Amino acid sequence: MDCIEIRELEVYCHHGVFKEENVLGQKFLVSLILYTDTKMAGVSDDLEQSIDYAKVSHFVKERMEEKNFKLIEAAAEYVAEKVLLSFPLIQRIQVEIKKPWAPILLPLETVGVTIERGWTKVYLSIGSNMGNREEHLRTALERLQRERTIRGIRVSDCMETEPYGYLEQDSFLNAAVELETIESPDSLLKILHKIETEGGRERTIHWGPRTIDLDIVLFGDVIMQTETLTIPHREMHLREFVLRPLAQLAPWASHPVYHKTVSELWEQMSQNNTKGRNETDD
(Lines give C-alpha, C1' and ligand atoms only; values in the text may rest on other atoms or scores of the structure.)
Protein backbone atom coordinates (compact mmCIF):
# COMPACT_ATOMS: atom_id res chain seq x y z
CA MET A 1 0.00 0.00 0.00
CA ASP A 2 1.16 3.56 -0.68
CA CYS A 3 2.08 5.82 2.19
CA ILE A 4 2.50 9.46 3.17
CA GLU A 5 5.13 10.21 5.84
CA ILE A 6 5.31 12.98 8.42
CA ARG A 7 8.62 12.94 10.28
CA GLU A 8 9.41 14.29 13.76
CA LEU A 9 6.65 16.82 14.23
CA GLU A 10 7.65 18.84 17.31
CA VAL A 11 4.95 19.20 19.96
CA TYR A 12 5.28 20.63 23.47
CA CYS A 13 3.07 18.63 25.87
CA HIS A 14 2.68 17.57 29.49
CA HIS A 15 2.79 13.78 29.31
CA GLY A 16 4.75 11.81 31.88
CA VAL A 17 4.66 9.81 35.10
CA PHE A 18 6.30 12.52 37.22
CA LYS A 19 4.51 15.60 38.52
CA GLU A 20 7.23 17.88 37.16
CA GLU A 21 6.58 16.57 33.64
CA ASN A 22 2.87 17.30 33.97
CA VAL A 23 3.49 20.83 35.24
CA LEU A 24 6.49 21.98 33.23
CA GLY A 25 5.95 19.98 30.06
CA GLN A 26 8.53 18.92 27.51
CA LYS A 27 9.16 18.41 23.81
CA PHE A 28 7.88 15.32 21.97
CA LEU A 29 8.65 14.24 18.41
CA VAL A 30 5.79 12.58 16.54
CA SER A 31 6.28 10.69 13.27
CA LEU A 32 3.45 9.23 11.20
CA ILE A 33 3.22 6.85 8.27
CA LEU A 34 -0.22 7.10 6.69
CA TYR A 35 -1.08 4.08 4.55
CA THR A 36 -3.49 4.88 1.74
CA ASP A 37 -4.09 4.51 -1.99
CA THR A 38 -2.51 7.51 -3.73
CA LYS A 39 -3.42 6.44 -7.28
CA MET A 40 -6.40 8.78 -7.73
CA ALA A 41 -4.50 11.74 -6.31
CA GLY A 42 -1.52 10.96 -8.52
CA VAL A 43 -3.67 10.81 -11.65
CA SER A 44 -5.90 13.82 -10.87
CA ASP A 45 -3.34 16.04 -9.10
CA ASP A 46 -6.26 16.97 -6.80
CA LEU A 47 -5.71 17.41 -3.06
CA GLU A 48 -9.32 16.32 -2.41
CA GLN A 49 -8.32 12.85 -3.62
CA SER A 50 -5.43 12.66 -1.15
CA ILE A 51 -4.65 13.23 2.52
CA ASP A 52 -3.80 16.79 3.46
CA TYR A 53 -0.68 16.25 5.58
CA ALA A 54 -0.87 19.83 6.87
CA LYS A 55 -4.34 19.14 8.31
CA VAL A 56 -3.14 15.85 9.77
CA SER A 57 -0.13 17.55 11.38
CA HIS A 58 -2.23 20.26 13.05
CA PHE A 59 -4.80 17.64 14.06
CA VAL A 60 -2.12 15.50 15.73
CA LYS A 61 -0.64 18.52 17.53
CA GLU A 62 -4.09 19.35 18.95
CA ARG A 63 -4.70 15.74 20.03
CA MET A 64 -1.30 15.56 21.73
CA GLU A 65 -2.05 18.78 23.63
CA GLU A 66 -5.66 18.20 24.65
CA LYS A 67 -5.03 15.38 27.16
CA ASN A 68 -2.22 14.47 29.55
CA PHE A 69 -1.04 10.86 29.58
CA LYS A 70 1.33 9.17 31.98
CA LEU A 71 2.63 6.87 29.24
CA ILE A 72 3.63 7.70 25.67
CA GLU A 73 2.08 4.32 24.79
CA ALA A 74 -1.31 5.75 25.75
CA ALA A 75 -0.65 8.95 23.80
CA ALA A 76 0.24 6.90 20.71
CA GLU A 77 -2.97 4.84 20.99
CA TYR A 78 -5.03 8.01 21.35
CA VAL A 79 -3.44 9.68 18.34
CA ALA A 80 -3.76 6.57 16.15
CA GLU A 81 -7.45 6.09 16.94
CA LYS A 82 -8.37 9.76 16.48
CA VAL A 83 -6.56 10.01 13.13
CA LEU A 84 -8.13 6.81 11.77
CA LEU A 85 -11.62 7.96 12.79
CA SER A 86 -11.18 11.48 11.39
CA PHE A 87 -9.47 10.83 8.03
CA PRO A 88 -11.41 8.13 6.12
CA LEU A 89 -8.79 7.73 3.35
CA ILE A 90 -6.21 6.49 5.85
CA GLN A 91 -6.41 2.69 5.94
CA ARG A 92 -3.59 2.09 8.39
CA ILE A 93 -1.31 4.31 10.46
CA GLN A 94 2.06 3.94 12.12
CA VAL A 95 2.62 6.33 15.02
CA GLU A 96 6.03 6.90 16.57
CA ILE A 97 6.39 9.17 19.60
CA LYS A 98 9.86 10.07 20.86
CA LYS A 99 10.67 11.73 24.16
CA PRO A 100 14.03 13.53 23.86
CA TRP A 101 14.13 14.74 27.47
CA ALA A 102 13.13 11.53 29.24
CA PRO A 103 14.05 11.93 32.97
CA ILE A 104 16.15 8.78 33.51
CA LEU A 105 19.30 10.51 34.87
CA LEU A 106 21.42 9.03 32.12
CA PRO A 107 22.62 10.47 28.80
CA LEU A 108 20.44 9.37 25.87
CA GLU A 109 19.13 10.72 22.61
CA THR A 110 15.45 9.73 22.83
CA VAL A 111 13.05 7.22 24.33
CA GLY A 112 10.20 6.25 22.04
CA VAL A 113 7.34 3.93 21.17
CA THR A 114 6.04 2.89 17.75
CA ILE A 115 2.63 1.31 17.10
CA GLU A 116 0.69 0.39 13.97
CA ARG A 117 -3.11 0.34 13.86
CA GLY A 118 -5.65 0.21 11.06
CA TRP A 119 -8.99 -0.79 9.65
CA THR A 120 -9.48 -4.56 9.31
CA LYS A 121 -12.12 -6.37 7.28
CA VAL A 122 -14.18 -8.65 9.51
CA TYR A 123 -16.95 -11.15 8.82
CA LEU A 124 -19.56 -12.08 11.41
CA SER A 125 -22.25 -14.73 11.59
CA ILE A 126 -25.47 -13.43 13.13
CA GLY A 127 -28.54 -15.47 14.05
CA SER A 128 -31.71 -15.74 16.12
CA ASN A 129 -34.31 -18.44 16.79
CA MET A 130 -36.41 -16.93 19.57
CA GLY A 131 -39.27 -14.45 19.50
CA ASN A 132 -39.31 -11.92 16.67
CA ARG A 133 -36.16 -13.13 14.91
CA GLU A 134 -36.15 -10.38 12.27
CA GLU A 135 -36.43 -7.70 14.94
CA HIS A 136 -33.60 -9.21 16.99
CA LEU A 137 -31.31 -9.21 13.94
CA ARG A 138 -32.29 -5.67 12.97
CA THR A 139 -31.71 -4.34 16.49
CA ALA A 140 -28.27 -5.97 16.70
CA LEU A 141 -27.26 -4.47 13.34
CA GLU A 142 -28.43 -1.02 14.40
CA ARG A 143 -26.37 -1.38 17.57
CA LEU A 144 -23.30 -2.31 15.51
CA GLN A 145 -23.81 0.74 13.29
CA ARG A 146 -23.68 3.01 16.35
CA GLU A 147 -20.17 1.87 17.25
CA ARG A 148 -17.76 4.65 16.27
CA THR A 149 -14.93 2.15 15.69
CA ILE A 150 -16.95 0.18 13.13
CA ARG A 151 -17.76 1.24 9.58
CA GLY A 152 -18.76 -0.08 6.14
CA ILE A 153 -21.37 -2.60 7.30
CA ARG A 154 -22.85 -4.87 4.62
CA VAL A 155 -25.33 -7.67 5.29
CA SER A 156 -26.38 -10.77 3.34
CA ASP A 157 -29.96 -11.91 2.92
CA CYS A 158 -31.50 -13.53 5.98
CA MET A 159 -31.71 -17.30 5.55
CA GLU A 160 -33.67 -19.97 7.39
CA THR A 161 -31.39 -22.72 8.73
CA GLU A 162 -31.79 -25.81 10.89
CA PRO A 163 -30.30 -25.80 14.42
CA TYR A 164 -26.80 -27.17 14.89
CA GLY A 165 -25.71 -29.39 17.77
CA TYR A 166 -28.72 -29.14 20.09
CA LEU A 167 -31.65 -30.06 17.82
CA GLU A 168 -34.61 -29.67 20.19
CA GLN A 169 -35.21 -26.04 19.26
CA ASP A 170 -36.75 -23.87 16.55
CA SER A 171 -35.01 -23.11 13.26
CA PHE A 172 -32.74 -20.10 13.00
CA LEU A 173 -32.76 -16.98 10.90
CA ASN A 174 -29.12 -16.35 9.95
CA ALA A 175 -27.15 -13.75 8.03
CA ALA A 176 -23.54 -12.81 7.37
CA VAL A 177 -22.16 -9.35 8.17
CA GLU A 178 -19.16 -7.61 6.66
CA LEU A 179 -17.60 -4.64 8.45
CA GLU A 180 -14.37 -2.77 9.02
CA THR A 181 -13.10 -2.05 12.51
CA ILE A 182 -10.08 -0.60 14.27
CA GLU A 183 -10.83 -2.78 17.30
CA SER A 184 -8.67 -5.77 18.19
CA PRO A 185 -10.32 -9.21 18.03
CA ASP A 186 -10.72 -9.31 21.82
CA SER A 187 -12.18 -5.82 22.07
CA LEU A 188 -14.58 -6.53 19.19
CA LEU A 189 -15.68 -9.71 20.97
CA LYS A 190 -16.51 -7.62 24.06
CA ILE A 191 -18.68 -5.33 21.92
CA LEU A 192 -20.50 -8.34 20.42
CA HIS A 193 -21.09 -9.89 23.85
CA LYS A 194 -22.49 -6.58 25.09
CA ILE A 195 -24.91 -6.45 22.14
CA GLU A 196 -25.96 -10.05 22.85
CA THR A 197 -26.59 -9.24 26.51
CA GLU A 198 -28.60 -6.15 25.61
CA GLY A 199 -30.60 -8.36 23.22
CA GLY A 200 -31.55 -10.77 26.01
CA ARG A 201 -29.04 -13.52 25.19
CA GLU A 202 -28.74 -16.14 27.96
CA ARG A 203 -25.99 -18.75 27.83
CA THR A 204 -27.75 -21.70 29.48
CA ILE A 205 -27.56 -24.50 26.87
CA HIS A 206 -24.53 -25.04 24.63
CA TRP A 207 -25.70 -24.52 21.02
CA GLY A 208 -29.13 -23.85 22.52
CA PRO A 209 -31.86 -21.36 21.57
CA ARG A 210 -30.99 -17.68 21.70
CA THR A 211 -32.51 -14.30 20.98
CA ILE A 212 -29.36 -13.14 19.25
CA ASP A 213 -26.01 -14.72 18.44
CA LEU A 214 -23.01 -12.83 17.06
CA ASP A 215 -19.82 -14.71 16.15
CA ILE A 216 -16.56 -13.55 14.60
CA VAL A 217 -15.95 -15.80 11.60
CA LEU A 218 -12.98 -14.13 9.88
CA PHE A 219 -10.84 -11.22 11.09
CA GLY A 220 -8.58 -10.16 8.23
CA ASP A 221 -5.87 -12.81 7.96
CA VAL A 222 -5.63 -13.27 11.74
CA ILE A 223 -5.08 -16.80 13.06
CA MET A 224 -5.43 -17.05 16.84
CA GLN A 225 -6.70 -19.32 19.58
CA THR A 226 -7.26 -18.34 23.20
CA GLU A 227 -9.56 -19.55 25.97
CA THR A 228 -12.28 -17.16 24.78
CA LEU A 229 -11.74 -16.75 21.04
CA THR A 230 -10.69 -18.80 18.02
CA ILE A 231 -10.17 -17.11 14.65
CA PRO A 232 -11.04 -18.23 12.04
CA HIS A 233 -14.17 -19.66 13.66
CA ARG A 234 -13.30 -23.24 14.51
CA GLU A 235 -16.08 -25.01 12.54
CA MET A 236 -17.11 -22.39 9.98
CA HIS A 237 -16.24 -24.75 7.10
CA LEU A 238 -18.73 -27.33 8.47
CA ARG A 239 -21.69 -25.07 9.17
CA GLU A 240 -24.29 -24.28 6.56
CA PHE A 241 -25.70 -21.39 8.60
CA VAL A 242 -22.27 -19.70 8.39
CA LEU A 243 -21.19 -20.57 4.85
CA ARG A 244 -24.43 -20.14 2.92
CA PRO A 245 -25.02 -16.44 3.79
CA LEU A 246 -21.29 -15.70 3.73
CA ALA A 247 -20.96 -17.23 0.26
CA GLN A 248 -23.62 -14.79 -0.93
CA LEU A 249 -22.03 -11.77 0.75
CA ALA A 250 -18.31 -12.40 0.21
CA PRO A 251 -17.63 -15.49 -1.92
CA TRP A 252 -14.03 -14.29 -2.51
CA ALA A 253 -13.14 -14.00 1.20
CA SER A 254 -10.28 -16.35 2.00
CA HIS A 255 -9.83 -18.76 4.89
CA PRO A 256 -6.27 -18.11 6.18
CA VAL A 257 -5.77 -21.70 7.37
CA TYR A 258 -7.29 -23.76 4.55
CA HIS A 259 -6.34 -21.20 1.87
CA LYS A 260 -9.69 -21.61 0.16
CA THR A 261 -12.33 -19.01 -0.62
CA VAL A 262 -15.70 -19.07 1.09
CA SER A 263 -17.22 -20.01 -2.25
CA GLU A 264 -14.92 -23.04 -2.49
CA LEU A 265 -15.67 -24.10 1.09
CA TRP A 266 -19.42 -23.78 0.47
CA GLU A 267 -19.20 -25.79 -2.76
CA GLN A 268 -17.16 -28.48 -0.98
CA MET A 269 -19.65 -28.67 1.87
CA SER A 270 -22.61 -28.82 -0.53
CA GLN A 271 -21.01 -31.66 -2.47
CA ASN A 272 -20.28 -33.60 0.73
CA ASN A 273 -23.87 -33.18 1.90
CA THR A 274 -25.21 -34.35 -1.47
CA LYS A 275 -22.88 -37.35 -1.44
CA GLY A 276 -23.99 -38.22 2.10
CA ARG A 277 -27.66 -38.07 1.18
CA ASN A 278 -27.10 -40.24 -1.91
CA GLU A 279 -25.23 -42.86 0.15
CA THR A 280 -28.05 -42.88 2.71
CA ASP A 281 -30.64 -43.33 -0.05
CA ASP A 282 -28.68 -46.27 -1.44
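Since the structure is predicted, the reported quantities are computational estimates derived from the model, not experimental observations. (Residues numbered from 1 in each chain as written. Predicted model: local features only at pLDDT ≥ 70, side-chain atom pairs only at ≥ 80, totals over all residues. Heavy atoms only, no water.)

**Q** Can you explain the overall build of the chain? Please cite residues and give values.
**A** Scanning the chain from N- to C-terminus turns up eight helices and eleven strands. Against the compact-globule benchmark of 19 Å for 282 residues, the chain has a radius of gyration of 24 Å, which places it well outside the compact range. Taking all 282 residues of the chain together, 44% fall into the buried category. Considering only contacts in the chain between residues 6 or more positions apart, those separated by 24 or more positions represent 65%. (Helix = DSSP H or I, 4+ residues; strand = E, 2+ residues; numbered from the N terminus. Rg over C-alpha atoms; globule rule 2.2 N^0.38 Å. Buried < 20%, exposed > 50% of the residue type's maximum accessible area, 1.4 Å probe, protein only. Contact = heavy atoms within 4.5 Å.)

**Q** Residues and numbers for a nonpolar patch on the surface, please.
**A** On the surface, I104, L106, L108 and V111 cluster together into a nonpolar patch covering about 320 Å² of accessible area. Residue position: V111 is located in strand 4 (residues 111–118). (Patch = residues over 30% accessible without salt bridge, like charges linked within 9 Å, V, L, I, M, F, W, Y side chains within 5 Å. Areas by Shrake-Rupley, 256 points an atom, 1.4 Å probe, with all protein chains shown as cover. Salt bridge = Lys/Arg side-chain N within 4 Å of Asp/Glu carboxyl O.)

**Q** Requested: an account of the nonpolar core, with residues and values cited.
**A** Of all hydrophobic cores here, the largest spans 31 residues; its most connected members are L32, L34, M64, I93, V95 and I97. Of all the secondary structure elements, the ones that give two or more residues to this core are strand 1 (2–13), strand 2 (26–36), helix 3 (53–66), helix 4 (72–86), strand 3 (92–99) and strand 4. Among the elements that make up this core, the one with the highest residue count is helix 4 (eight residues). Excluding its chain neighbours within four sequence positions, the residues that come into contact with L32 are I4, E5, I6, V56, V60, V79, I93, Q94 and V95. Counting 24 residues, the second largest nonpolar core, distinct from the first, contains I126, A140, L188 and M224. (Core = buried A, V, L, I, M, F, W, Y, C linked by side-chain atoms within 4.5 Å.)

**Q** So, unusual backbone geometry: which residues are in play, and what are the values?
**A** Each neighbour pair has its own omega, and for I231 with P232 the value is -5°, a cis peptide bond. Non-glycine residue D45 carries a positive phi angle of around 60°. Relative to the helices and strands, D45 resides in the loop between helix 2 (39–44) and helix 3. Located in the positive-phi region is L105, a residue other than glycine, with phi close to 60°. As for its position among the elements, L105 is in the loop between strand 3 and strand 4. L105 gets classed as exposed once you look at its relative accessible area, which sits at 86%.

**Q** Give me the lowdown on the sheet that holds strand 3, citing residues and values where you can.
**A** Strand order in the open sheet made by the four strands is 1-2-3-4, with antiparallel pairing throughout. Of all the strands in the sheet, just strand 1 and strand 4 have a single pairing partner and so form its edges. The sheet shows a mean angle of 15° between the axes of neighbouring strands, taken without regard to direction. Relative to strand 4, strand 3 runs antiparallel, the two being bridged by eight bridges. Residue pairing in the sheet places I97 in a bridge with V113 of strand 4. Relative to strand 1, helix 3 is tilted by about 40°, and along the sheet it contacts strand 1, strand 2 and strand 3. (Pairing = 2+ DSSP bridges. Axes fitted to C-alpha atoms, helices over the stretch in contact; angles between N-to-C directions.)

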